[in-house]
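The residues making up each chain are set out below.
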Protein chains: 2
Amino acid sequence: MKPQEIIQFAPDAVVGLDRDGAVRAEVHGSRAHMLARLTTLGLPVPPGVALSFDCVRHLAEGGPMPKLPPRSAPDRLLCLRPSPRDRAWGGPSATLNIGITARDIAAVEAAIGVVEARELYARLISTYALMVHGVDPEGFEALAHRILGPGPRQPEAMRATTEAMLRLYAEETDEEFPDDAADQLEGIARAMALDWDRASARILRQAKGGPAEGGLGLIVQELALGVAPGVSGAGHIQIVDPRTGAPSVDGAFLPGKQRAVTRPGSRRTGVLLARGRREGCDQPALEEMCPEALEALRGYAGQAAQGLGDAVQLYFILENGAVSVVDAVPARRGARASVRIAVDLANRGAITREQALLRVEPRNLIEHLHPQIDASAARDVWGGGLAASPGAATGYMVFTSEAAMQAAAQGEDTILVRLETGPEDVRGMHAAKGVLTIRGGMTSHAAVLARGLGLPAVVGASDLRLDLEGRRLVTPDARVLHEGALITIDGTRGEVLAGAPRMVAPDLGGALAELLDWADAARDLGVRANADTPADSRVARDFRCDGLGLCRTEHMFFDPARLTVMREMILADTPEERRAALDLLLPMQRADFEEIFSIMRGMPVTIRLLDPPLNEFLPHDEDEMEHLASAMGIPAGQVKARARELAEVNPMLGMRGVRLGVALPEIYEMQARAIFEAAIAVNRDARDPVVPEVMIPLVSAYREVELVKHRIDAVARAVEEEQGEKLDFSLGVMVETPRAALRAGDLAEVSEFLSFGTNDLTQMTYGLSRDDAGRFMRDYVREGVFPEDPFHTLDIEGVGELMLIAARRGRARNPNLKLGLCGEHGGDPASVRFCRLAGFDYVSCSPFRVPIARLAAAQATILVGKAGAEAVASA
Amino acid sequence: MKPQEIIQFAPDAVVGLDRDGAVRAEVHGSRAHMLARLTTLGLPVPPGVALSFDCVRHLAEGGPMPKLPPRSAPDRLLCLRPSPRDRAWGGPSATLNIGITARDIAAVEAAIGVVEARELYARLISTYALMVHGVDPEGFEALAHRILGPGPRQPEAMRATTEAMLRLYAEETDEEFPDDAADQLEGIARAMALDWDRASARILRQAKGGPAEGGLGLIVQELALGVAPGVSGAGHIQIVDPRTGAPSVDGAFLPGKQRAVTRPGSRRTGVLLARGRREGCDQPALEEMCPEALEALRGYAGQAAQGLGDAVQLYFILENGAVSVVDAVPARRGARASVRIAVDLANRGAITREQALLRVEPRNLIEHLHPQIDASAARDVWGGGLAASPGAATGYMVFTSEAAMQAAAQGEDTILVRLETGPEDVRGMHAAKGVLTIRGGMTSHAAVLARGLGLPAVVGASDLRLDLEGRRLVTPDARVLHEGALITIDGTRGEVLAGAPRMVAPDLGGALAELLDWADAARDLGVRANADTPADSRVARDFRCDGLGLCRTEHMFFDPARLTVMREMILADTPEERRAALDLLLPMQRADFEEIFSIMRGMPVTIRLLDPPLNEFLPHDEDEMEHLASAMGIPAGQVKARARELAEVNPMLGMRGVRLGVALPEIYEMQARAIFEAAIAVNRDARDPVVPEVMIPLVSAYREVELVKHRIDAVARAVEEEQGEKLDFSLGVMVETPRAALRAGDLAEVSEFLSFGTNDLTQMTYGLSRDDAGRFMRDYVREGVFPEDPFHTLDIEGVGELMLIAARRGRARNPNLKLGLCGEHGGDPASVRFCRLAGFDYVSCSPFRVPIARLAAAQATILVGKAGAEAVASA
């Protein structure tokens, strides 16, 4: 220990809580800072001083206690509260009742009664013994128990008890209990300082994400007793509803208690503050006991919200009806409440709109967009999987898409349960209210499609066994749910529940609508939607997207009538036969595009040319193949041979995307014609024309684009000539392979835009199929092998670097190049921020994530600012 | 046309062929340059002058003919030969016999006879008319035919013919035929100059890879007639055998002809030069007609080779036994001959060893390493595919690996024909002499394995139909080869032949061995081999590799006894069961490594830990699964369930490589233990210890390596302690994912080497599976979408850039980081050159490509030099 005399206290070692500017969180801790601000705002905070981190560290090293200002009244008791730099780091509990001495105890007895005063004295002695000397409190408790006996406590017995405790203290510690407020204070302050420095506390801080060396300040404050005649006690209050954010009194009051916060593990008790909501509690509400106190507290909470720029929960003490505020923390709030609170604060001028936008976590908007299970409802959880698509849904369990469609036709809600889904389940998923799969990851077919549809989904629920023969679902502990049972899936938490718990409906209006208006005004990053159907497009437009960033054309061919023609096209032996089948598909495709273009008037629509391997369109089992063959009047062997020929070892890395376009040019030519004819038809009488953007998938080399561009330009010229109208369209490339990213400079010479398909780009950068990753991704993330699932949050270090390289090289060759991201990451706030940083023009995401992306884009614009993008561009 | 008088001829516009240094290829063309050099070397080149490109261009623009020096004898005829910058660009034919005039014809008649002289005159008139005036030669031919009639030509008739031709010339052109050598010369020179400049000639030049504007020089040279009494005529000679490169006279002599090179399409005739080799030719050889001439020619050819530093083919004219040399080109030579020629030249001091190394195309060494079909043998080609593994093999056609093994047991050679091969065919391929598959690309299982085995292979022979039920192979035109037929595959050309054509045996000794010694002395890039078995390792060592760069461990588990244990391991339910199975595998693996280490003493051996998805080891059809289940005494359902569970949508991107190592640590721990125990056992008594390098496959993140490294280091410490010996090993990473390349800086902190698995890296960079690419890769390369198959020649622009990024980042963090390439590209000379440029330490390739890589590495070292690597490192 250092010699005590050489310590020189700094000017801010001890600062009064009434000196707001002088009390700083980084010097005195966050609690001291909060109390100083509340004091300045005029709230009745008991007077006190803040001791700096340095000061406390000196105490731990054996330095002297600094000199403190005199108490406002000589007989006021004191308390000592910890004030760490960050409240989340934990720390010692506050010590109350400091200053009770043999000399002063009579005055305290006179003020609050002998029994009560002696109770506080006893508590002080035992706490001091524990904290300063490490004496086990059980000895004191046993002593009190012996002397007091059963029944109500009597003044004399209480006196005898404290006297006995003082003797026991002296025996245990070989010292007399300090009979002086200053000595008591110094003893406890030093004990707190030493405790903060102990190895166990340091490890605990680190476990909570804080630094081992984090500072601890202390607050020496006059004590608001909470123990007095009249309405006295401790409580907490907030004036916003934690679920909705609407004005409403919420909190509790504990009559006769000194603390409103009990130790972890003990049950919080107390009475309600306001009339109206009681659950098995006989006591009157505080509003009935002391309406003035409640009124004052509401005022203080409002003052604090306005002054601090955030709704708060105040901790208070009532002493005979008089209010003291002893602490404040941000008000408890659910996701929905946070929106309402931020908007209300901004509308009251307490914060700016930008601040309001930054207050809301975009991911949490999900709660607004989908039905959720009521937080207070009982949950009968039967299994879990990945939370693949948010929201909750209840329905009768079906095991086939047909059953889901039949039930839907009769108005019955179903949950579709499948081992995994494929293109043949698309219509079943449209019909069901939710989907559960046993296999698959966050980007499996079921997960991606469900997010696109806004359909709650749990996937990869590998603990559950789907017994298709027994037509039942079996849990690991052998409980059984039969087909037809009513179940609920919670796609937000990834849970499967039996029955139908109470739900909360989605809510898109009010505060959220207002916040999103502000987001649109603030953001300079476009938010488009990935939508393949008119229905999806309508949802996207309703969610106020800026256009479609990805309209996949393959799903358009799964309608049974079209699928037949598509299969004829695939089974064609010659380009002529193929062209004949495509001629039948042309009007269907054109009609699709006309409908989507009509919905998206005035906006860009990016259409991706056919991408998946052709064998996805062929039947996969023998029966179906034979059926198809007989329907087409060809030998079954021919269908099987073609299917075998098209089968691939690694379909993700096979004959798909632009490779199809190069090998079978007729397909893309048909699609381009359908797009162009539809655009001319829709735009003919439109003031706000749609701008089609034709996108070539899975490119890896310049020449692929050049070849396809050449042919598409020829189709455009032909259509222009036939229709006698000028076409306005652009042509670009979907960057999904690492090579396309590296060669973006070349590609930019024949492209007007690059749109990053980050799902596939992630697969190829990692060498990891999203379909196969589900099996180990959870373990990988849990063990920290990957910090996050890269299919969920963009891998900035790998995939992101490829995007930066591509953006830089592309723009260097073609300064007008538009850059976008389409893929699951378009709805992920961190990924959106990265896109803004990389100077992208837009992100595109599932329709149901458009609101999230709009908010995330606004936050990115505010946070990154112009400088960021320029820094990236010149890097 | 420009006025003729203003042309000022440059000093080098007209230069004598005897002024070697003054005649330059880039000014006067390559033929002029060659003739000047031959003149200087003392060869009897007829005197003449070279006209520069500028001079010829002026002629085309209408400029004047420059003044030429006087002829050595006034009655010598002249010839005018083209001399383009590069002979490959084509150009006009030479015009001979210039200078025959009405005045001089008598002298020519006196010298060579009337009929002969008039023949030359007639040729001159007709050539001149065609070249200068574009007159169709048919008119002249018809005229001659009419006057001369059938039978031997008579002097007077010949005279009448030329007179009539002169009249016809005047009629057709309205001009008299120029009766002056200078006028004839100027007319033809200008015609040649104009011809060179014509659009059609320009396009032709470009088609041949030359520039449209390529220069043409002309040579005005005294004519060596070739038409004279005594032994006269034209011929060509080289004194190295075109097939072997050994000293041997080769060429032909055409008595009485003026040219030894006939026009395209006409058959070359003539007599042999030396005695001994005659094929249906009655005439005596030149050696018999005029031994002195042949002796002189041999001397000149030797002189030229020594002086020019390359074996040449001389074009010569004999005039009454006197030799004139009129041209020289590089001697014709096959791949084998080029090695012998280069080595002989270097040994004679005509060139340096470095020059000799650069003379041989490394790819051509393949001809030395494998049996080839004799170039002169008849070929009965039935179909074609990809030339997947070089060399030719003949055998009886079998359709199963079992049949191949049975036949091998009886000493019969077979060709294994399969739709495609899988791990179950490995032993069949070992037993067969060659393999043919109907499906698959250059890096399919069959192709890769065959190259590794040095087994000739043709893959992707998709024109052929394998009718397994009919047990036959059917060609597109319905010809049939039944199982058991004798066939030959030519893996160098990608052909399937019926029967057994004559073969040439491989030859690794002599000149090749000498050249490769020089290569080893010259190169500073290591050449290792990819070898999985003791047999492969022995081949690699015999081919003088510098160690093993890739020893795959998975093939070690396909032996039936081991496969059973491997399957038990895979079917294990608990880590304990798994460990029990692994304990059985441990001694087997250790024995494998001991054998390989013993063979590779004194060298590094890089062992890749288990890589493929586990389901590759499980049976794939129901019967086999049931068999396995009953053998193991478990329910068949369990095997099927596990197989289903392990099945993957995209196995290439699934649960393999380090992902297995992370999920099932026991496997890598067993392998590490086997490696370490084997190394200690082999090194215990060795002066030249083997250094095991443990390689982790399919990495994409730092933490994966850290986790595995941690466990392997623990195994190493345990083995060291148990054995009481110090272990020397290194641990590194196989870079196969783009992300691993981008994050190479991180990886280098926990790795001692990075080895680029360019097969997989190419797959992932392109998003293209090698197994699925076969279907369209040939079209892609043919249409120029990809300049080359990137699985064959490294894609420097994409994959190569990732390698450069990784090399730079890796070395920046860890300057001692070793860099290598393992994969098919290790045997590709262009890829080897790139690795040298990128500062790699070694490449690793199939054992049979080691000699190729050694030569390529030497060439890369010579060409790139030290500067290249430093430039790359500091870029």
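Residues numbered from 1 in each chain as written. Chains lettered and ligands numbered in written order. Predicted model: local features only at pLDDT ≥ 70, side-chain atom pairs only at ≥ 80, totals over all residues. Heavy atoms only, no water.

In the annotation of an unreviewed UniProt entry, chain A is listed under the name Pyruvate, phosphate dikinase and assigned to Amaricoccus solimangrovi. The Sequence similarities (unreviewed entry) field of the UniProt record for chain A holds the comment "Belongs to the PEP-utilizing enzyme family." (UniProt positions renumbered as here; feature names shortened; annotations may be inferred.)

Details of the overall build of chain A
A count of helices and strands for chain A gives 33 helices and 30 strands. When the backbone C-alpha atoms are referred to their principal axes, chain A occupies close to 110 × 65 × 50 Å. When each of the 875 residues of chain A is scored for burial, the buried share is 58%. Nonlocal contacts in chain A, meaning residues at least 24 apart in sequence, comprise 68% of its contacts between residues at least 6 apart. Carbon and sulfur atoms provide 51% of the accessible area of chain A, an area that totals close to 34900 Å². (Helix = DSSP H or I, 4+ residues; strand = E, 2+ residues; numbered from the N terminus. Buried < 20%, exposed > 50% of the residue type's maximum accessible area, 1.4 Å probe, protein only. Contact = heavy atoms within 4.5 Å. Areas by Shrake-Rupley, 256 points an atom, 1.4 Å probe, with all protein chains shown as cover.)

Focus: the interface of chain B and chain A
Listed per partner, the contact involves 50 residues of chain B and 50 residues of chain A. Across the interface of chain B and chain A, roughly 4300 Å² is buried in total on both sides, 52% from carbon and sulfur atoms. When the area that chain B buries against chain A is broken down by residue, the three leading residues are B:Leu653, B:Arg739 and B:Arg775, summing to 15%. Where chain B packs against chain A, one counts 8 salt bridges. A salt bridge links A:Arg743 to B:Glu797; its shortest N-O distance comes to 3.4 Å. At the junction of chain B with chain A, the criterion picks out 25 residue pairs in polar contact (both at pLDDT 80 or more). Taken together, the residues that form the side of chain B that touches chain A break down as 22 nonpolar, 10 polar and 18 charged. (Buried area = accessible area lost by both parts, 1.4 Å probe. Salt bridge = Lys/Arg side-chain N within 4 Å of Asp/Glu carboxyl O. Polar contact = N/O pair within 3.5 Å; in protein donor to acceptor, adjacent residues only side chain to side chain. Nonpolar A, V, L, I, M, F, W, Y, C, P; charged D, E, K, R; others polar.)

Quick look at the nonpolar core
Side chains that are nonpolar tend, in soluble globular proteins, to be buried together. Judged by nonpolar contacts, the single largest core of 288 residues is most densely connected at A:Phe676 and B:Phe676. Setting aside residues up to four positions removed in sequence, B:Phe676 forms contacts with B:Val694, B:Ile712, B:Val715, B:Ala716, B:Val719, B:Leu727 and B:Phe729. (Core = buried A, V, L, I, M, F, W, Y, C linked by side-chain atoms within 4.5 Å.)

Brief notes about the packing of aromatic side chains
Centre-to-centre distance and the angle between the planes together describe a pair of aromatic rings. This model, assessed by the stated rule, comprises 26 aromatic pairs over all chains. Between A:Tyr169 and A:Phe177, the aromatic rings sit 5.2 Å apart at their centres with planes inclined by 90 degrees, giving edge-to-face as the arrangement. Ring geometry for B:Phe776 versus B:Tyr780: centroids 5.1 Å apart, planes at 65 degrees, classification edge-to-face. Separated by 4 residues within a single helix, B:Phe776 and B:Tyr780 lie in helix H30 (residues 770-782), roughly one turn from each other. Assessed through its relative accessible area of 3%, B:Phe776 is described here as buried. We classify B:Tyr780 as buried; its relative accessible area is 2%. Members of the aromatic cluster, each reached through a chain of ring pairs, are A:Tyr766, A:Phe776, A:Tyr780 and A:Phe786. In this structure, A:Arg528 is placed above the aromatic ring of A:Tyr842, and the distance from its NZ or CZ to the ring centre is 3.9 Å. One cation-aromatic arrangement involves B:Arg205 over B:Trp196; the distance from NZ or CZ to the ring centre is 4.0 Å. (Phe/Tyr/Trp six-rings, centres within 6.5 Å; stacked < 30°, edge-to-face > 60°. Lys NZ or Arg CZ within 6 Å of the ring centre and 35° of its normal.)

As for the side chain of A:Thr475
Residues and elements named next belong to chain A. Mapped onto the elements of the fold, Thr 475 is located in the loop between strand E18 (472-474) and strand E19 (480-482). Since its relative accessible area comes to 5%, Thr 475 is described here as buried. Here the side chain of Thr 475 touches Asp 477 through a polar contact of 2.4 Å, side chain to side chain. Not counting the four nearest positions on each side in its chain, Thr 475 is found in contact with Trp 382 and Leu 464.

Things to note about the UniProt feature "binding site: substrate" (unreviewed entry) in chain A
Residues and elements named next belong to chain A. The feature "binding site: substrate" (unreviewed entry), as annotated in UniProt, sits at Arg 552, Arg 608, Glu 736, Gly 757, Thr 758, Asn 759 and Asp 760 in this numbering. By the element assignment, Thr 758 lies in helix H29 (residues 758-766). With a relative accessible area of 0%, Thr 758 lands in the buried category. By secondary structure assignment, the location of Asp 760 is in helix H29.

Considering the pairing of strand E2 (residues 48-51) of chain B
All names here are of chain B. Going residue by residue along E2, you find Gly 48 and Ala 50 tucked away on one face and Val 49 and Leu 51 tucked away on the opposite face as well. Two strands pair when backbone bridges link them, and strand E1 (residues 14-16) and E2 are joined in this way by 3 bridges, in the antiparallel orientation. Within E2, the residue paired with Val 14 across the bridge is Leu 51. Note that E2 and strand E5 (residues 216-222) share 4 bridges and pair antiparallel. Opposite Leu 51, over in E5, you have Leu 218 as the bridge partner. (Pairing = 2+ DSSP bridges.)

Thoughts on the relation of the copies chain B and chain A
Superposition of the two copies of the chain requires a rotation about an axis and a shift along the axis. Of the two same-sequence chains, chain B is brought onto chain A (RMSD 0.2 Å, axial shift 0.1 Å) by a rotation of 180 degrees. Such a turn and shift between the copies fits a two-fold axis. Interface overlap between copies: 100% of the residues of chain B at the interface are likewise at the interface in chain A, consistent with a symmetric, same-surface contact. (Least-squares fit on C-alpha atoms with pLDDT ≥ 70 in both.)

Re the UniProt feature "domain: PEP-utilising enzyme mobile" (unreviewed entry) in chain A
The feature "domain: PEP-utilising enzyme mobile" (unreviewed entry), as given by UniProt, occupies residues 412-494 of chain A in the numbering adopted here. Secondary structure content for residues 412-494 of chain A is 18% helix and 31% strand, while the C-alpha to C-alpha distance between its ends is 23 Å.

Digging into the sheet that holds strand E7 (residues 247-255) of chain B
Residues and elements named next belong to chain B. Across the sheet, 4 strands lie side by side as E7-E6-E8-E9; this open sheet has antiparallel pairing. Unpaired on one side and paired on the other, E7 and strand E9 (322-330) mark the two borders of the sheet. Across the sheet, the mean angle from the axis of one strand to that of its neighbour is 20 degrees, orientation sign disregarded. Relative to strand E8 (residues 312-319), strand E6 (residues 233-240) runs antiparallel, the two being bridged by 5 bridges. Of the residues in E8, the one forming a bridge with Ile 237 is Leu 314. (Axes fitted to C-alpha atoms, helices over the stretch in contact; angles between N-to-C directions.)

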